[in-house]
Structures are given as structure tokens and as C-alpha cells.
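In case you want the letters, here they are:
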Amino acid sequence: MAFHQGQSLADAVREATAVLADAGVPSPRVDAELLADHLLGVGLGRLRAMLLGDSPAPEGYAELVSERAGRVPLQHITGVAYFRHLELRVGPGVFVPRPETESVVQLVIDHVAGMAHPKVVDLGTGSGAIAGSIAQEVPGAEVHAVEYSPFAHAWATRNLKPLGVTLIQGDLRDALPEHNGTFDVVVSNPPYIPAEAIPTEPEVALHDPPEALYGGGADGMELPTAAAASAARLLKSGGYFVMEHAEVQAAWIATMLKRTGRWSNVTTHLDLNGKERATSALLAETVPDE
Ligand SMILES: C[S@@+](CC[C@H](N)C(=O)[O-])C[C@H]1O[C@@H](n2cnc3c(N)ncnc32)[C@H](O)[C@@H]1O
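Keep in mind that this is a model prediction, so the values were computed, not measured.

**Student:** Even after reading the chapter, I still don't get the environment of V65, so can you show me in this structure?
**Tutor:** Summarising the element assignment, V65 is placed in helix α4 (residues 61–69). A tally of 27 C-beta atoms within 10 Å means that V65 is categorised as buried. The sequence separation of V65 and A16 amounts to 49 residues, and the corresponding C-alpha distance is 6.3 Å. In contact with V65, not counting residues within four places along its chain, are A16, V19, L20, A32 and L35.

Here is the structure:
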């Protein structure tokens, strides 16, 4: 890399953009700017103004660019992932939250509008993105979160404690039995990738934890199916379940929910790219025993 001491910020960012583009990084210019801003801490707007002048490149910039060129996720280098209004701490051992999941949170927020104290649980919370957003954006909500991986649980603790979320380390298949039949909403972005569909991007394949990616079974449906069964256990009658999934799983999930006979209003939702990436349903009212 031809970075040198005394180089201007503008030259260094231009060079970094070329290096990152060569390495196949999808948004090389933005990443080059964000890495510079990570060191300077001035904000992207001010950084772009500085690029027009003769400010020097910050010390340590070449090292960060070379790490990113090795396809380490930007969020692992900066230690931060932005999700809705949250700034989450992330790093090795936890799934980096994705923009499409922000739409799943919106479905929950729209559903609970008008409820005074909705009780919500996020199954497989990872960094705490979904649970934390709901706690932050829905005043009066009682939010719980479940995470199995001890590493992800540690990151979630850091992110969710200040937001008042009740986090437990447990398996979404049998977690929170003492809360059976009490939740207004169960939300989940479970692992769902089919076993053979190994992601091609190095950031995902090498840095997202495998237990966050693969849903189990050839079709990746084991954990999504388990999340639906737990939702039926945890929700009160009429409660709302919403789950993110792969586009190819939309029809299977709708069929799976309808086949149990426990759900009504099964609805597939599109993400911002028009893909069928989430499904919601209401838990059917239970008929009291004779
Ligand atoms: C796709 S990631 C989603 C993380 C986060 N909800 C988000 O949207 O960014 C799935 C998460 O489920 C967790 N997980 C996997 N199996 C689990 C299980 N049996 N019980 C609870 N959590 C589990 C993974 O460790 C991972 O954090």
C-alpha cells in the first residue's frame, strides 16, 4: 500500500477507496470515509468538508484500511453497528444486524401502537438490535430477550442493560416457560440459512457466527419452525408473531403456520427491496375446555 506519512486526507481516502475496490468491498468509498471518521471522530458531514481542504490523513489509517481489505466487517473494525436509532456495540462472536431487520421492528411497532404496556419477547436477540429498538421506541413496553450463544449474550448484555430489557441466556425452543401465554408479541430473526447455502461474502462466511446463520436441516427450517412453536406457547390468545426469513422460505412458513391450525391472519411482508422477507400471524383464540 502506498500510504505515506504527511499524506493529505483526501489522497489517503482516494487511495483507500481503490484498495478496497480491488479487494471486492461492496461500498469502497463510503467504507474508506467511515474508517477515516472512526479515527477522527468528526462525523461524516464534517469529514467530507475536510476532504475538500488540506487536512492530513490520521495516524493508523493504513492499518484499518488493510484490515477492511482483508474483508473484516467494517462494524468489527469500528466496534459499532447502527440500527434504527441505536448505536450497538458489536464484534467477533455476534451477528452484525442488517438493515432489512429494521422493517421487522417496524411491523412490531405498528402492531403495538395504542397498547399501553405491550409485553414483547425477541427470540435469538444477537446484539439486541430488535429488543433494544422496541424498548427505545415503544414507551411503556416490557421487553424480554433470549440468546443462546454466550458470546452474543455478552454483547447483548452490554447493549440491552441500559435500555431496561430483561435478557436471559437460553434456548428459544424452551425459554421462559414461566411466561407461557403472557406475551402480546413474539418477534424473531432466527438463524434460517439452508445448510448448503454457504454465503459467498467473506464478511458473512468468516465473521458472522455459524450459529447465527444456519437454521438447521437441509432447508434451514428447523429453528424457524421451533421459533413458531415457541411463539404459540408464549403468546396470549390473539397475540402477534412476526419472524424474518429467507425469500425462498416465505411460502413454506405460511404453509407451516396454517397447517398447525393455531394461527390466523397469516401475512407475508416485503422488505425495502420488495422481497418476501417476513411473515406475521395472530395466535388463534383458544376455546376453553368444556
Ligand atoms: C440471525 S441472528 C439474529 C440476531 C438479531 N436478532 C438480529 O436480528 O440482528 C440469530 C441469533 O439467534 C441465536 N440463536 C441461535 N440458535 C438459538 C437458540 N436455539 N436459542 C436462542 N438463540 C439462538 C444466534 O446466536 C444469533 O444471535
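**Student:** Help me understand unusual backbone geometry in this model?
**Tutor:** Most peptide bonds take the trans form, and the phi angle of most residues other than glycine is negative. Non-glycine residue R84 carries a positive phi angle of around 50°. Along the polypeptide, R84 turns up in the loop between β1 (80–83) and β2 (86–89). Given 19 C-beta atoms within a 10 Å radius, R84 is considered partly exposed. Notably, N265 is not glycine yet its phi reads approximately 50°, a positive angle. Following the sequence through the fold, N265 ends up in strand β8 (residues 263–270). Among the residues examined, N265 registers 12 C-beta atoms within 10 Å and is labelled exposed.

**Student:** When you look at the pairing of strand β4 (residues 142–147) in this model, what are you seeing that I'm missing?
**Tutor:** It is a general feature of regular strands that their side chains alternate between the two faces of the sheet. Of all six residues that make up β4, five are buried, and the element is covered over most of its length. Where strand β3 (residues 119–123) meets β4, five bridges bridge the pair, whose relative direction is parallel. By the bridge assignment, V120 is partnered in β4 with V143. Bridge analysis of β4 against strand β5 (residues 166–169) gives four bridges, and the strand direction is parallel. Each bridged residue has a counterpart across the sheet, and for E147 the counterpart in β5 is Q169. With helix α8 (residues 150–160) bridging β4 and its parallel neighbour β5, the resulting β-α-β unit is right-handed.

**Student:** Explain the site of the ligand here, please?
**Tutor:** Residues in contact with the ligand amount to 23 residues; listed here are only the nearest, G124, G126, Y148, N189 and A212. Breaking the shell around the ligand down by element, the ones donating at least two residues are α7 (129–137), β4 and α10 (210–213). A breakdown of the residues in the shell around the ligand according to their chemical character gives twelve nonpolar, seven polar and four charged.

**Student:** What's the story with the packing of helix α2 (residues 28–40) against α4 in this structure? I'm lost.
**Tutor:** Geometrically, a packed helix pair is captured by the angle between its two axes and the distance between the axes. Viewed as axis vectors pointing N to C, α2 and α4 meet at an angle of 140°, and their least axial separation amounts to 10 Å. Of the possible angle classes, the one that applies to α2 and α4 is oblique. In the crossing of α2 with α4, the sense of the turn from one axis to the other is right-handed. For the pair α2 and α4, the contacting residues are D31, A32, L35, A36, H38 and L39 in the first and Y61, L64, V65 and R68 in the second. Across the contact of α2 with α4, the residue classes break down as seven nonpolar, one polar and two charged.

**Student:** Sorry, what's going on with the environment of K236 here?
**Tutor:** Within the secondary structure layout, K236 lies in strand β7 (residues 235–244). Expressed as a C-alpha distance, the spacing of K236 and N265, which sit 29 residues apart in the sequence, is 15 Å. Not counting residues within four places of it along the chain, the set of residues in contact with K236 comprises G181, T182, F183 and D184.

**Student:** Sorry, what's going on with the packing of helix α1 (residues 9–22) against α4 here?
**Tutor:** One can describe the packing of α1 onto α4 by two numbers: an axis separation of 9 Å at closest approach and a directional angle of 20°. Taken together, the axes of α1 and α4 are roughly parallel relative to one another. The crossing of α1 and α4 is right-handed. Where α1 abuts α4, its residues A12, A16, V19 and L20 lie against Y61, V65, R68 and A69. Looking at the contact of α1 with α4 residue by residue, the classes come out as seven nonpolar, no polar and one charged.

How each quantity is defined
- Residues numbered from 1 in each chain as written.
- Predicted model: local features only at pLDDT ≥ 70, side-chain atom pairs only at ≥ 80, totals over all residues.
- Helix = DSSP H or I, 4+ residues; strand = E, 2+ residues; numbered from the N terminus.
- Buried ≥ 20, exposed ≤ 12 C-beta atoms within 10 Å, placed from the backbone.
- Contact = placed C-beta atoms within 7 Å.
- Pairing = 2+ DSSP bridges.
- Right-handed = clockwise from strand over helix to strand, strands pointing away.
- Near = placed C-beta within 6 Å.
- Nonpolar A, V, L, I, M, F, W, Y, C, P; charged D, E, K, R; others polar.
- Axes fitted to C-alpha atoms, helices over the stretch in contact; angles between N-to-C directions.
- Parallel < 35°, antiparallel > 145°, perpendicular 65-115°, else oblique.
- Left-handed = near helix turned anticlockwise from the far one by under 90°.

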